[in-house]
Amino acid sequence: MSDKPTDEAVEAPQDVDLDEGDVVDTIDHTEAVAVRPSIPALVTAVIVVAAIALTLGLLQDLSSIIAPIFLTLNLLIAAFPIYTWLVAKRCPRLVASLVTGLAVFVVLILGLAAIVWSVTKMVQTLSGYTDQFVAMYEQSIAWLGQFGFDESSLLNSLKSISPSSVLDFAGGLVSGTSAASAMIVVIIVMIVFMVMDLPSVGERLRVTQHLHPRFTNSITAFVTGIRRYWLVTTVFGLIVALLDGVVLLILGVSLPLVWIVLAFITNYIPNVGFVIGLVPPALLALFEKGPVTALIVVIAYCVLNFLIQSLIQPKFTGDAVGITPTVSFISLLLWAWVFGALGALIALPATLAVKALLIDSDPRLRWVNAFISNEPEAIAPKPSEG
């Protein structure tokens, strides 16, 4: 008796009468589901690339606004522990915000003054060796001519890096830095408004943590990584610059303080900053002391940079710069193209922002880290995860 209702229940759908319209609707719905078109992978890739290109073009058009704002955000993130420390000491939040903003402003002014001073001294010093520079340039062309190269063709090809053009470019850095008043104004204004928002940052994060915890966790990880990046880069950049200065003092190269400041500033530019900080003192050592001293300077700079910034610094940086050297260099080229000279300074933070907010926050894009992370084993699924 108990099996009969079950059989009837199973066979009941086969006995249900359907109207002609119901049958047609069912067939149409089934066919629609079965033949639902899917976008080809190539079309998807083209759409994604086009969207990225459009976004980068928009950022480039607005670079005079976005780049200073992002730099200001980075500076305030790095200085935020000052605010939290003052608040923990029962300092009024408004006063703590003002002190934090003042610290960022002082660092900004000191950094700009150091850039102007070091580049000005460099141009003035190297300009006194123009004749030696020209003679060395011509000797190099003649030396290459001995190997079968056409000297006139070499001169035309290397015209853009002739001694006069190099000095003109260095001088243009000074005028370009001095003409950056609009950017400085944007940064100062943004410091003022962001300082006003500091007291409410904690409450805003609590709200977003409740509504969108995954996105908030990504923001928190980005902030922690950015703060660690600026701190570690500053400390180790200062160590390398001071050691470079000691080498220059021992060798008797002029203006060691200038080269210390230049090495410290260019330390913030990934990959190529080291070369920018090396070339001027190496040229000066060549003009003043000869090729042996210049070679010693190059070797000392390379050894110190490799030992400290390539072997020791990454152990302290940790996940703050969790990208491969190749991705780091591509980031430098990309953001320098988008934001100009300031893009070279904020290249790594910009890439870390994209990585944290668009890749790390989405589990479906976790696989991308296998290609851009410097520690792919850290993001690989554990055996328990299948």
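Cut-offs and rules
- Residues numbered from 1 in each chain as written.
- Predicted model: local features only at pLDDT ≥ 70, side-chain atom pairs only at ≥ 80, totals over all residues.
- Heavy atoms only, no water.
- Helix = DSSP H or I, 4+ residues; strand = E, 2+ residues; numbered from the N terminus.
- Buried < 20%, exposed > 50% of the residue type's maximum accessible area, 1.4 Å probe, protein only.
- UniProt positions renumbered as here; feature names shortened; annotations may be inferred.
- Axes fitted to C-alpha atoms, helices over the stretch in contact; angles between N-to-C directions.
- Parallel < 35°, antiparallel > 145°, perpendicular 65-115°, else oblique.
- Left-handed = near helix turned anticlockwise from the far one by under 90°.
- Contact = heavy atoms within 4.5 Å.
- Salt bridge = Lys/Arg side-chain N within 4 Å of Asp/Glu carboxyl O.
- Expected span 1.5 Å × (residues − 1).
- Core = buried A, V, L, I, M, F, W, Y, C linked by side-chain atoms within 4.5 Å.
- Arc of directions from axis to C-beta.
- Phe/Tyr/Trp six-rings, centres within 6.5 Å; stacked < 30°, edge-to-face > 60°.

*Asks:* Looking at this structure, how should I read the overall build of the protein?
*Replies:* Assigned secondary structure in the protein consists of 19 helices and 0 strands. Looking at the protein residue by residue over its 386 residues, the buried ones come to 33%.

*Asks:* Can you help me understand the UniProt feature "transmembrane region" (unreviewed entry) in the protein in this one?
*Replies:* Listed under "transmembrane region" (unreviewed entry) in the UniProt record, and renumbered for this structure, are residues 39–59, 65–87, 94–117, 169–196, 229–251, 257–280, 292–312 and 332–358. Between the C-alpha atoms that bound residues 94–117 there is a distance of 35 Å. The span itself is 100% helix and 0% strand.

*Asks:* How should the packing of helix α12 (residues 256–266) against helix α13 (residues 273–289) be read in this particular structure?
*Replies:* Helix-helix packing: each pair is described by the crossing angle between the helix axes and the interaxial distance. One can describe the packing of α12 onto α13 by two numbers: an axis separation of 7 Å at closest approach and a directional angle of 160 degrees. If you check the angle between α12 and α13, you find them roughly antiparallel. In this structure, the crossing between α12 and α13 has a hand that is right-handed. Residues Trp259, Leu262 and Thr266 of α12 form the contact with α13, whose participating residues are Gly273, Phe274, Ile276, Gly277, Pro280, Pro281 and Leu284.

*Asks:* I tried to follow unusual backbone geometry on my own but got confused; where do I start?
*Replies:* A negative phi angle characterises most non-glycine residues, just as the trans form characterises most peptide bonds. The residue Arg90 is not glycine, and still its phi comes out positive at about 65 degrees. Note on placement: Arg90 falls in the loop between α4 (63–88) and α5 (93–127). Overall, the relative accessible area of 79% leaves Arg90 in the exposed class. For Leu255, which is not glycine, the phi torsion reads 55 degrees and is therefore positive. Of note, Leu255 is situated in the loop between α11 (213–251) and α12.

*Asks:* Could you clarify how one ought to interpret the pattern of salt bridges in this entry?
*Replies:* Two side chains of opposite charge can pair, provided their charged atoms sit close to one another. Applying the stated criterion across every chain yields a total of 1 salt bridge. The closest approach of N and O atoms between Arg206 and Glu203, which form a salt bridge, is 2.9 Å. Of this pair, Arg206 and Glu203 both sit in helix α10 (residues 201–211), 3 residues apart, which is roughly one turn of the helix. Residue classification places Arg206 among the exposed residues on the basis of a relative accessible area of 55%.

*Asks:* Would you mind going over α11 with me for this structure?
*Replies:* Side chains of residues three or four places apart in an α-helix project in the same direction, reflecting 3.6 residues per turn. When the terminal C-alpha atoms of α11 are compared, their 56 Å separation across 39 residues agrees well with the 57 Å that a helix rising 1.5 Å per residue should span. Positioned one or two residues after α11, Gly252 has a phi angle of 80 degrees, which is positive.

*Asks:* How should the nonpolar core be read in this particular structure?
*Replies:* As a rule of thumb, nonpolar side chains are buried together in soluble globular proteins. Phe222, Trp335 and Phe339 are the most contacted members of the largest nonpolar core, which has 36 residues in total. At the level of secondary structure, the elements contributing two or more residues to this core comprise α3 (41–61), α4, α5, α9 (181–197), α11, α15 (325–339) and α17 (347–360). Residues in contact with Trp335, not counting those within four places in the same chain, are Leu56, Leu59, Gly340, Gly343, Ala347, Ala350, Thr351 and Val354. Counting residues in hydrophobic clusters, the runner-up holds 19 residues, among them Tyr129, Leu248, Val297 and Tyr301.

*Asks:* How should the side chain of Ser97 be read in this particular structure?
*Replies:* As for its placement among the helices and strands, Ser97 is situated in helix α5. Take Ser97: its relative accessible area is 1%, and that puts it in the buried class. Apart from the residues within four sequence positions on either side, Ser97 is in contact with Tyr83, Val195, Leu198 and Pro199.

*Asks:* What am I meant to see in the packing of α4 against α9 here?
*Replies:* The interhelical angle for the contact between α4 and α9, taken along N-to-C directions, is 50 degrees, at an axis separation of 9 Å. Between α4 and α9, the angle is such that the two are oblique. With respect to the hand of their crossing, α4 and α9 are arranged in right-handed fashion. Of α9, the residues touching α4 (which contributes Ser64, Ile65, Pro68, Ile69, Leu71, Thr72, Leu73 and Leu76) are Met183, Val186, Ile187, Met190, Ile191, Met194 and Val195.

*Asks:* Which parts of the structure should I look at to understand α9?
*Replies:* When the terminal C-alpha atoms of α9 are compared, their 25 Å separation across 17 residues agrees well with the 24 Å that a helix rising 1.5 Å per residue should span. Regarding α9, the residues found buried are Ile184, Ile187, Ile191, Met194 and Val195. Relative to the axis of α9, the buried residues are bounded by an arc of 100 degrees and lie together on one face. In α9, those exposed residues whose orientation departs by more than 90 degrees from the buried face are Ala182 and Met196. In this fold, the buried residues of α9 make contact with α4 and α5.

*Asks:* Looking at this model, I keep getting lost on the packing of aromatic side chains. Mind explaining?
*Replies:* The description of an aromatic ring pair rests on the distance of the ring centres and on the angle between the ring planes. This structure, assessed with the given rule, holds 5 aromatic pairs. Ring centres of Tyr229 and Trp230 lie 5.2 Å apart, and the angle between their planes is 70 degrees; this geometry places the pair in the edge-to-face category. Each of the two residues, Tyr229 as well as Trp230, counts as buried. Pairing Trp335 with Phe339 gives two aromatic rings, centres 5.6 Å apart and planes at 10 degrees, and the pair type is stacked. Of this pair, Trp335 and Phe339 are both found in helix α15, 4 residues apart, which corresponds to roughly one turn of the helix. Residue Trp335 is classed as buried on the basis of its relative accessible area, which comes to 9%. Phe339 sits in the buried class, given a relative accessible area of 11%. Joined through ring pairs, the aromatic side chains of Tyr229, Trp230, Phe264 and Tyr268 make up one cluster.

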